[in-house]
Amino acid sequence: MAEEAEKEISTFEDFKLNRQLLNAIEEAGYEKPTPIQLKAIPIIMGGHDVMGIAQTGTGKTAAFLLPILMKVKYAQGTNPRAIILAPTRELAMQIEEHITLLAKYTDLRHTAIYGGLGPKTQIEIINNGIDILVATPKRLMELYLKGELILKEVKTMVLDEADKMMDMGFMPQIRQLLEVLPRKRQNLLFSATMHPKVVELSEEFLEFPTRIEITPQATPVETVTQVLYQVPNLRTKIAMLEHLIRDKEAFNRVIIFTRSKKNAESVAKYLERKEYGEVRSIHGNKGQNTRINSMEAFKSGEVRFLVATDVAARGIDVSMVSHVINFDVPFVYEDYVHRIGRTGRAENEGNAITFANESEMYHIRKIEKLIRMQIPELPMPEQIEIFPTPFDEQQAIARDIDHQKRAENPDFKGAFHEKKAIPQKPVKSRRDPRTSFWQKTKKKKR
Ligand code: AMP
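Residues numbered from 1 in each chain as written. Predicted model: local features only at pLDDT ≥ 70, side-chain atom pairs only at ≥ 80, totals over all residues. Heavy atoms only, no water.

A. Main features of the overall build of the protein chain. In terms of regular secondary structure, the protein chain is built from 19 helices and 14 strands. Across the protein chain, every contact between residues at least 6 apart in sequence was considered, and the portion connecting residues at least 24 apart equals 76%. Working note: accessible area of the protein chain is about 21000 Å², and carbon and sulfur atoms make up 51% of it. (Helix = DSSP H or I, 4+ residues; strand = E, 2+ residues; numbered from the N terminus. Contact = heavy atoms within 4.5 Å. Areas by Shrake-Rupley, 256 points an atom, 1.4 Å probe, with all protein chains shown as cover.)

B. Representation of the sheet that holds strand E2 (residues 82-85). Pairing is parallel in the open sheet, where 7 strands are placed in the order E3-E4-E2-E5-E6-E1-E7. Strand pairing shows two members of the sheet lacking a second neighbour, strand E3 (110-113) and strand E7 (210-213), which therefore form its edges. Shown here is a sheet whose adjacent strand axes are inclined to one another by a mean of 15 degrees, direction ignored. Against the sheet, helix H10 (residues 196-205) contacts strand E1 (50-53), strand E5 (156-159) and strand E6 (186-191), and its axis sits at roughly 175 degrees relative to E6. (Pairing = 2+ DSSP bridges. Axes fitted to C-alpha atoms, helices over the stretch in contact; angles between N-to-C directions.)

C. Spotlight on the environment of proline 87. Counting through the fold element by element, proline 87 comes out in the loop between E2 and helix H5 (89-102). You can call proline 87 buried: its relative accessible area is 3%. For the pair formed by proline 87 and proline 137, sequence separation is 50 residues and the distance between their alpha carbons is 7.1 Å. Excluding residues within four positions of it along the chain, proline 87 makes contact with Thr136, Asp160, Glu161, Lys164, Met165, Met168 and Phe170. (Buried < 20%, exposed > 50% of the residue type's maximum accessible area, 1.4 Å probe, protein only.)

D. Here's a closer look at the packing of helix H11 (residues 234-245) against helix H12 (residues 261-274). At their nearest, the axes of H11 and H12 sit 12 Å apart, and the two run at 50 degrees to each other. Comparing the axis directions of H11 and H12 gives the class oblique. The crossing of H11 and H12 is right-handed. Only Val267, Tyr270, Leu271 and Lys274 of H12 make contact with H11, whose side of the interface consists of Ile238, Leu241, Glu242 and Ile245. Residues of the contact of H11 with H12, tallied by class, amount to 6 nonpolar, no polar and 2 charged. (Parallel < 35°, antiparallel > 145°, perpendicular 65-115°, else oblique. Left-handed = near helix turned anticlockwise from the far one by under 90°. Nonpolar A, V, L, I, M, F, W, Y, C, P; charged D, E, K, R; others polar.)

E. Molecular detail of the pattern of salt bridges. Overall, the coordinates contain 19 salt bridges when judged by the stated rule. Lysine 60 is the salt-bridge partner of glutamate 161, the closest N and O atoms lying 3.9 Å from each other. Here glutamate 161, found in the loop between E5 and helix H8 (162-167), pairs with lysine 60, found in helix H4 (residues 60-72); they are 101 residues apart in sequence, far enough to count as distant. Accessibility classification places glutamate 161 together with lysine 60 in one group, the buried group. As a salt-bridge pair, lysine 274 and glutamate 242 come within 3.7 Å of each other at their nearest N and O atoms. Taken together, the residues lysine 274 in helix H12 and glutamate 242 in helix H11 connect sequence positions 32 residues apart. Glutamate 242 sits in the buried class, given a relative accessible area of 8%. Linked by salt bridges that have partners in common, Lys237, Arg259, Asp328 and Glu360 make up one network. (Salt bridge = Lys/Arg side-chain N within 4 Å of Asp/Glu carboxyl O.)

F. Structural detail: the packing of aromatic side chains. The final tally for this structure, using the stated rule, is 3 aromatic pairs. When the ring centre of phenylalanine 327 is taken as reference, the NZ or CZ atom of lysine 237 above it lies at 5.7 Å. (Phe/Tyr/Trp six-rings, centres within 6.5 Å; stacked < 30°, edge-to-face > 60°. Lys NZ or Arg CZ within 6 Å of the ring centre and 35° of its normal.)

G. Representation of the confidence of the model for the protein chain within the structure. On average, residues of the protein chain carry a pLDDT of 86, and 86% of them reach 70 or more. Under a pLDDT of 50 for its full length, residues 1-6 has, in the predicted model, 4 contacts with residues more than four places off or in other chains. This model gives residues 417-435 a pLDDT under 50, and the stretch forms 30 contacts once residues within four places in sequence are excluded. (pLDDT = per-residue confidence, 0-100.)

H. Structural detail: the side chain of threonine 309. Along the polypeptide, threonine 309 turns up in the loop between strand E11 (305-308) and helix H14 (310-313). For threonine 309, the contacting residues outside a window of four places in its chain are Phe257, Thr258, Arg259, Ser260, Lys261, Ala264, Ile282, His283 and Gly284.

I. How the structure looks around the packing of H4 against H5. The contact between H4 and H5 brings their axes to 10 Å, and the two run at 50 degrees. It follows from the interaxial angle that H4 and H5 lie oblique. Note that H4 runs across H5; the crossing there is right-handed. On H5, the residues that touch Thr61, Ala62, Leu65, Leu66 and Leu69 of H4 are Gln94, Ile95, His98, Ile99 and Leu102. Here the residues of the contact of H4 with H5 are counted per class, giving 7 nonpolar, 3 polar and no charged.

J. Region of the structure containing the sheet that holds strand E13 (residues 350-356). Taken in spatial order, the 7 strands line up as E10-E11-E9-E12-E13-E8-E14 in an open sheet, and their pairing is parallel. Each edge of the open sheet is held by one strand with a lone partner, namely strand E10 (279-282) and strand E14 (377-378). Lying on the sheet, H11 is in contact with strand E8 (224-230), strand E9 (254-257), E11, strand E12 (323-326) and E13; it crosses E13 at an angle near 160 degrees. Contacts from helix H16 (residues 358-371) reach E8, E13 and E14 within the one sheet, and its direction differs from that of E13 by about 140 degrees.

K. Seen up close, the UniProt feature "short sequence motif: Q motif" (unreviewed entry) in the protein chain. Under the UniProt annotation, "short sequence motif: Q motif" (unreviewed entry) lies at residues 10-38. Taken end to end, residues 10-38 is 48% helix and 0% strand, and its first and last C-alpha atoms sit 7 Å apart. (UniProt positions renumbered as here; feature names shortened; annotations may be inferred.)

Here it is as structure tokens:
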């Protein structure tokens, strides 16, 4: 039946959505449904449980929101009838924005609740009556246990980015929640990857689900062009970054990903000092308001560079990102897919450029296995000076290679301790190898 529906449907009108929604869709500028929307909307509207494997950037949010908006229809009673769980506040906010956009011509009441802010205002909004609630798992349970939230009228439950929820350890809260929700309800689960933990969760959470897979497991969105450069060290990575962003026209809205908060902060400060354009950084140490403001400024185009860590970047919904630059390779391999999904959103063309040193190349090989493709590699442009790797950084790289070899083969004795990484110029420094370059550039400037 689903297949039949799929064949016939090609426009939003074909879904038999109400006029209010169709007007909002038109105003949002969505001309035709995306593949996940074509597949998922009829099935969800038919009341079935769904397990959707779709990356961010595919239009998955509207794929579950539109049927929910149809079902919940208009404001009624005081308690939520649909709940959407998201792993991070950024994603929760983004979903809430999507609802605002699509529910514009309805009288539906909706809000997002998440940690990092006091719950008072959130409680007030809920007490005034709510139809659709977006929430992070901890805050939801907190308000429920306080008696501020009545869940007995919930008829639809969505888990978005379920793989990230599992990564972030939200299983206990989700289990607790499943205990208190009414048994009879529709469940939808979305995840970018088919991680075994997600499969396990889907078995607990879904009833005879229809599985909709929009791209093969963890395949990067097709509209993103990927490139890899082997860049030996931090100093050369900076030189490479500076070389690329000199092209202001092409690199007009760039997200630079780093693995640590410290690197995010350092790269952002460096770009700022060099005055390459407006820069903001978002990572776990930034307060909620700063993060929101940075995102807004980046969205509006006022800011050229957003430097981000993986967790902070979840849920970034900005179209027209020209480039994603992986300054560091992520060690959680799925994050590579999430990172590059930030460019090339909704059928725009995007570019993802990755810098990898010798040890990071090990991780790249594993990422390539996950995405089932080889990331095309380019030689470093000739004009880029290849700086020697400082002793400390060489040691850190050698240590990571050892670590990976050991993980692959427990009998591996470790070359690092035998060879002790031969430096070109053994300048011994007591500084942290990852900060030494930044410290030096700071000193020069001041
Ligand atoms: P998502 O995968 O839900 O994160 O959506 C990615 C982006 O695509 C968001 O900016 C949406 O507003 C946009 N989008 C969703 N559906 C459509 C559509 N049918 N046509 C064009 N853009 C869309």
